[in-house]
Amino acid sequence: MSIKLDNRVTPSLHPANVTNLPGYDDATKGYVAGAERALKEAYTGVAAVFDAGEAVKRDLSMTEAGRTIKVDDMAQRVFKKVAALFDTQMANLSKGIAQIEEKLNAPVNARAAHPIAAEIRAYIRAMPESDRPGFVFNAITRGDLVTAEAALAGPSYLCGLTPEGHAALLRKYHEQAAPEEAAKLAVMQGALKLLGNRGGMMFTALESAVGAKPHEVQALRQAKARADKALTVGLIQN
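The structure displayed is predicted, hence computed values, not measured ones.

Each value, and the rule that gives it
- Residues numbered from 1 in each chain as written.
- Predicted model: local features only at pLDDT ≥ 70, side-chain atom pairs only at ≥ 80, totals over all residues.
- Heavy atoms only, no water.
- Phe/Tyr/Trp six-rings, centres within 6.5 Å; stacked < 30°, edge-to-face > 60°.
- Helix = DSSP H or I, 4+ residues; strand = E, 2+ residues; numbered from the N terminus.
- Buried < 20%, exposed > 50% of the residue type's maximum accessible area, 1.4 Å probe, protein only.
- Expected span 1.5 Å × (residues − 1).
- Contact = heavy atoms within 4.5 Å.
- Core = buried A, V, L, I, M, F, W, Y, C linked by side-chain atoms within 4.5 Å.
- Salt bridge = Lys/Arg side-chain N within 4 Å of Asp/Glu carboxyl O.

*Asks:* Explain the packing of aromatic side chains to me, using residue names and the numbers behind them.
*Replies:* For the structure on display, the rule yields two aromatic pairs. Taken together, a centroid distance of 4.8 Å and an interplanar angle of 40° make the contact between Phe79 and Phe203 tilted. In this pair, Phe79 sits in helix α3 (residues 64-104) while Phe203 sits in helix α9 (residues 201-210), placing the two residues 124 residues apart along the sequence. What makes Phe203 exposed here is its relative accessible area of 52%. Here Tyr123 and Phe135 contribute two aromatic rings whose centre-to-centre distance is 5.7 Å and whose plane-to-plane angle is 55°, an arrangement assigned as tilted. Of this pair, Tyr123 sits in helix α4 (residues 117-125) while Phe135 sits in helix α5 (residues 132-141), and the two are 12 residues apart along the sequence. What makes Tyr123 exposed here is its relative accessible area of 52%.

Okay, here's the thing in structure tokens:
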């Protein structure tokens, strides 16, 4: 999605940050479209608050405090909408990531019963311990599924691998067998991290758009409430 650059808004909130993620392409963009949409709402929302600030300056019937409060009202609505969208998209990404992680860490069952599977595991187990991971890794990368799956199909001790080494090689096997899943995972993890980092920037971006710090706006609101109360009491007494 193409969004015009606005020099009033931090570029960190621009949706192009999603399209620039490593691994983002036509095949993976659909999996992070929600993150892109969330940043679009954030970016355009902050710009709209800046526009509102310019608009109220032309309303001569309002005091400076009244203008600030009115702009802050809009900023709060924008924040509520964007925060909910960020939360939803981060939850969706987390769920999608968990599903892919499950696939990439799933046990290997295929070819486990191959006639020479036991011999392959015995061959690997007879190697020096330091050579075993490299042997299986090389089998994975050159597409030797008979060797790779024989080594990884059972518990790690069957071929003398450590549990940690077995898990790492199993992950490599799945990534090699399903590169599209690995690509989706990488871009989704990038998008999740991006939204997590950018969410907090909404506070400072909207504060800049309002032109006052939150405690300053709160003081203006309290002063207005006191003035409104005093006016109401005066009208009643008169």
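Structure shown, so let's carry the discussion forward.
*Asks:* Which residues make up helix α8 (residues 179-199), and what values do they have?
*Replies:* If you check α8, its first and last C-alpha atoms are 30 Å apart, about what 21 residues at 1.5 Å a residue would give, namely 30 Å. Among the residues making up α8, those that are buried are Glu181, Lys184, Leu185, Val187, Met188, Ala191, Leu194, Leu195 and Arg198. Check the buried side of α8 and you find it contacts α1 (16-19), α2 (33-56), α3, α7 (163-177) and α9.

*Asks:* Run through the nonpolar core, naming residues and quoting values.
*Replies:* Within the largest apolar cluster, 39 residues are counted, with the highest numbers of intra-cluster contacts made by Leu13, Val46, Val49 and Met202. In this view, Val46 contacts Val9, Leu13, Val78, Met202, Ala205, Leu206 and Ala209; residues no more than four positions away in its chain are not counted. One finds Val136, Leu152, Leu161 and Leu169 within the second-largest nonpolar core, a separate group that totals 16 residues.

*Asks:* Let's hear about the side chain of Gln89: which residues, and what values?
*Replies:* Locating Gln89 in the fold gives a position in helix α3. Owing to a relative accessible area of 10%, Gln89 belongs among the buried residues under this scheme. When near neighbours in sequence (up to four residues on either side) are disregarded, Gln89 contacts Gly34, Ala35, Arg37, Ala38 and Leu195.

*Asks:* I'd like a description of the pattern of salt bridges, backed by residues and values.
*Replies:* Across all of its chains, the model carries 14 salt bridges by this definition. Residue Arg8 pairs with Asp51 through a salt bridge whose shortest N-O separation is 2.8 Å. Taken together, the residues Arg8 in the segment before α1 and Asp51 in helix α2 connect sequence positions 43 residues apart. Overall, Asp51 belongs to the partly exposed group, its relative accessible area being 42%. The shortest N-O distance in the salt bridge between Lys184 and Glu181 comes to 2.9 Å. Separated by three residues within a single helix, Lys184 and Glu181 lie in helix α8, roughly one turn from each other. For the pair Lys184 and Glu181, a shared accessibility class is recorded, and that class is buried. Here the residues in one salt-bridge network are Asp6, Arg8 and Asp51, joined through shared partners.

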